[in-house]
Amino acid sequence: MVDSARAARMAKRISSIVASAIGTEIKDPRLAYVTITDARVTNDLHDATLFYTVMGASIDAEPDYEAAAAGLAKATGILRSKVGAGTGVRFTPTLTFVLDTVPDSARHMEELVARARANDELVARQAQEATPAGDADPYRSHEDDETGTNKDGSVE
């Protein structure tokens, strides 16, 4: 029987176990700036996917994604044993680590929104200075209806 609520609880528990193990128990310097952002467990509780991000040593430093992936690959066995001990389930799920692209996508979306706002402001400034094309009053007026002639003198 499929119990997605149990899988969600298990994912949350696995996420906290792995995050605390990376932060306190595993002494690999490649994992110093790794953060677990999300975890998903299949409904049969056999596979767990953990999403992670990597920060740089400073704001200007570029993160080392390859080293973090190598460090996580090396620590997968230890982390899986900690998950098994911490969850107490009969079958310890396999752990798969996936780089989380949501922060990069969010940053890209923010840049697109900023560019769209700048273009909107440019269009608004141009619209304020613009004058209508053609006649000042392109619509038929009440006077035209009474005389039967248009503004250019043509007869309807």
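The structure we're discussing is the one just above.
Everything quoted here is computed from the prediction, not taken from an experiment. (Residues numbered from 1 in each chain as written. Predicted model: local features only at pLDDT ≥ 70, side-chain atom pairs only at ≥ 80, totals over all residues. Heavy atoms only, no water.)

### Focus: the overall build of the protein
Stated precisely, the cut-off is as follows: Put simply, DSSP marks the helices as runs of H or I at least four residues long and the strands as runs of E at least two long, and each gets a number from the N terminus on. Buried residues are those whose accessible area, probed at 1.4 Å on protein chains only, stays under 20% of the maximum for their type, while exposed residues exceed 50% and partly exposed ones sit between those limits. When checking whether two residues touch, look at their non-hydrogen atoms; a contact exists if any pair is within 4.5 Å.
Within the protein, the regular secondary structure consists of 4 helices and 3 strands. Starting at the N terminus and ending at the C terminus, the protein contains elements arranged as α-β-β-α-β-α-α. Classification of the 156 residues of the protein by burial places 26% in the buried group. Relative to all contacts within the protein whose residues are 6 or more apart in sequence, the contacts with residues 24 or more apart total 56%.

### A closer look at the side chain of Asp100
Just so we agree on the cut-off: Asp and Glu count as negative and Lys and Arg as positive, but His and the ends of the chain are not part of the count. Between Lys or Arg on one side and Asp or Glu on the other, a salt bridge is scored when a side-chain nitrogen of the former is within 4 Å of a carboxyl oxygen of the latter.
Locating Asp100 in the fold gives a position in the loop between strand 3 (94-99) and helix 3 (102-129). For the buried Asp100, which has no salt bridge, the nearest side chain bearing the opposite charge is Arg40, at an N-O separation of 7.6 Å. Ignoring any residue separated from it by four or fewer positions in sequence, one finds Asp100 in contact with Thr37, Phe51, Tyr52 and Thr53.

### Quick word on the pairing of strand 3
Going by this rule: A pair of strands is labelled paired if DSSP reports no fewer than 2 bridges between them. The definition of a right-handed crossover adopted here requires that, viewed with the strands pointing away, the path from the first strand over the helix to the second runs clockwise.
Here strand 2 (residues 47-54) runs beside strand 3; their pairing, made up of 6 bridges, is parallel. In the strand pairing of strand 3, Ala48 is matched with Leu95. Read from strand 2 through helix 2 (residues 65-87) to strand 3, the crossover connection turns out right-handed.

### Describing the pattern of salt bridges
One pass over the structure, following the stated rule, counts 4 salt bridges. The residue Asp28 makes a salt bridge to Arg30 at a minimum N-O spacing of 2.9 Å. In this structure, Arg40 engages Asp38 in a salt bridge whose closest nitrogen and oxygen atoms are separated by 3.4 Å. A relative accessible area of 51% means that Arg40 is categorised as exposed.

### Details of helix 1 (residues 4-25)
Put simply, the rule is: For a helix, the expected span equals 1.5 Å multiplied by the residue count minus one.
Look at helix 1: 30 Å from first C-alpha to last across 22 residues, which is about the 32 Å you get at 1.5 Å a residue. Within helix 1, burial applies to Ala7, Met10, Ala11, Ile14, Ser15, Ile17, Val18, Ala21 and Ile22.

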